[in-house]
Amino acid sequence: MATWKDHTAPRLTPTPAPEPKETPRYDPPPKPELAPSPAATPPMARADPGLPRKESLIASDITIEGKIEGGGSVRIAGKFKGDVSVQGDLTIEAGAKLTGGVRANKVTIAGELEGNVEQATNVDLLQSGMVVGDIKTGSLTVAAGARMRGQAEFGWEDSKGFKPAKHGDSD
């Protein structure tokens, strides 16, 4: 008969785990503030020191037919057929074409305008610009190389609200 001896350690009575003094709280990590990317947000010129100027863009691969009215500015890089009447500025970029009438504060033409500028404070016809139509404005600047077929009236004050630009006048 074989005898053996049990070599196991004596069992200790288990000690209860201490109860937590306070309930653990989960605080979510703070959300990072997202800053607008400089490439996504173009810099805006300010007409009024307190208010940012708003500008709408018709991209170069877009063709739209309709009517634009509003208080902001418009930049056309594609093709637009219809009238544009804005209280801000209108820019027709090189390679762009606008077919229709224009009423805006300042009009800059580097592309094509087929229509009349009926009312503007200032019109800049750049070297690559082309106008087929009439222009009525307070001030007209035409760069060498620009083309125009139509009539231009500028520098006159009348009831429609456009006035000649005053540069260094002594009143």
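Note that the structure is a prediction, hence the values are computed from the model and not measured. (Residues numbered from 1 in each chain as written. Predicted model: local features only at pLDDT ≥ 70, side-chain atom pairs only at ≥ 80, totals over all residues. Heavy atoms only, no water.)

## Comments concerning the pairing of strand 10 (residues 117-125)
Looking along a regular strand, one sees the side chains alternate between the two faces of the sheet.
Working step 1: Where strand 7 (residues 102-103) lies against strand 10, 2 bridges are found, and the strand directions are parallel. Residue pairing across strands places Arg 103 opposite Gln 119, the latter belonging to strand 10.
Working step 2: The pairing of strand 8 (residues 106-109) with strand 10 spans 4 bridges and is classified as parallel. Across the sheet, the residue bridging to Lys 106 is Asn 122, located in strand 10.
Working step 3: Bridge count between strand 10 and strand 12 (residues 135-142): 6 bridges; the pairing is parallel. Across the sheet, Val 123 pairs through a bridge with Leu 140, a residue of strand 12. (Pairing = 2+ DSSP bridges. Helix = DSSP H or I, 4+ residues; strand = E, 2+ residues; numbered from the N terminus.)

## Comments concerning the confidence of the model for the chain
Working step 1: Scored by pLDDT, the chain comes out at a mean of 79, with 61% of its residues at no less than 70.
Working step 2: Across residues 37-47, where pLDDT falls below 50, the model places 7 contacts with residues more than four positions away in sequence or in other chains.
Working step 3: Here residues 167-171 scores under 50 on pLDDT; set against residues more than four positions off or in separate chains, the count is 1 contact. (pLDDT = per-residue confidence, 0-100. Contact = heavy atoms within 4.5 Å.)

## Here we look at the pairing of strand 3 (residues 73-76)
Working step 1: Two elements, strand 1 (residues 55-58) and strand 3, share 4 bridges in a ladder whose sense is parallel. Note that in strand 3 the partner of Ile 58 across the bridge is Ile 76.

## Observations concerning the nonpolar core
Working step 1: By size, the foremost hydrophobic cluster in this structure holds 23 residues, and its most contacted members are Leu 90 and Val 107.
Working step 2: Where this core is concerned, the elements lending two or more residues are strand 3, strand 4 (79-86), strand 5 (89-92), strand 8, strand 10 and strand 12. (Core = buried A, V, L, I, M, F, W, Y, C linked by side-chain atoms within 4.5 Å. Buried < 20%, exposed > 50% of the residue type's maximum accessible area, 1.4 Å probe, protein only.)

## Section: the pattern of salt bridges
Working step 1: This structure, assessed with the given rule, holds 6 salt bridges.
Working step 2: Here the salt bridges do not stand alone but share partners, grouping Glu 55, Arg 75 and Glu 93 into one network. (Salt bridge = Lys/Arg side-chain N within 4 Å of Asp/Glu carboxyl O.)

## As for the environment of Gly 88
Working step 1: Relative to the elements of secondary structure, Gly 88 occurs in the loop between strand 4 and strand 5.
Working step 2: Of the residues examined, Gly 88 reaches a relative accessible area of 11% and is grouped as buried.
Working step 3: Distance in space between the C-alpha atoms of Gly 88 and Val 107 is 9.2 Å, their sequence separation being 19 residues.
Working step 4: When residues no more than four places from it in sequence are discounted, the contact partners of Gly 88 are Gly 71, Gly 72, Ser 73, Ala 104, Asn 105 and Lys 106.

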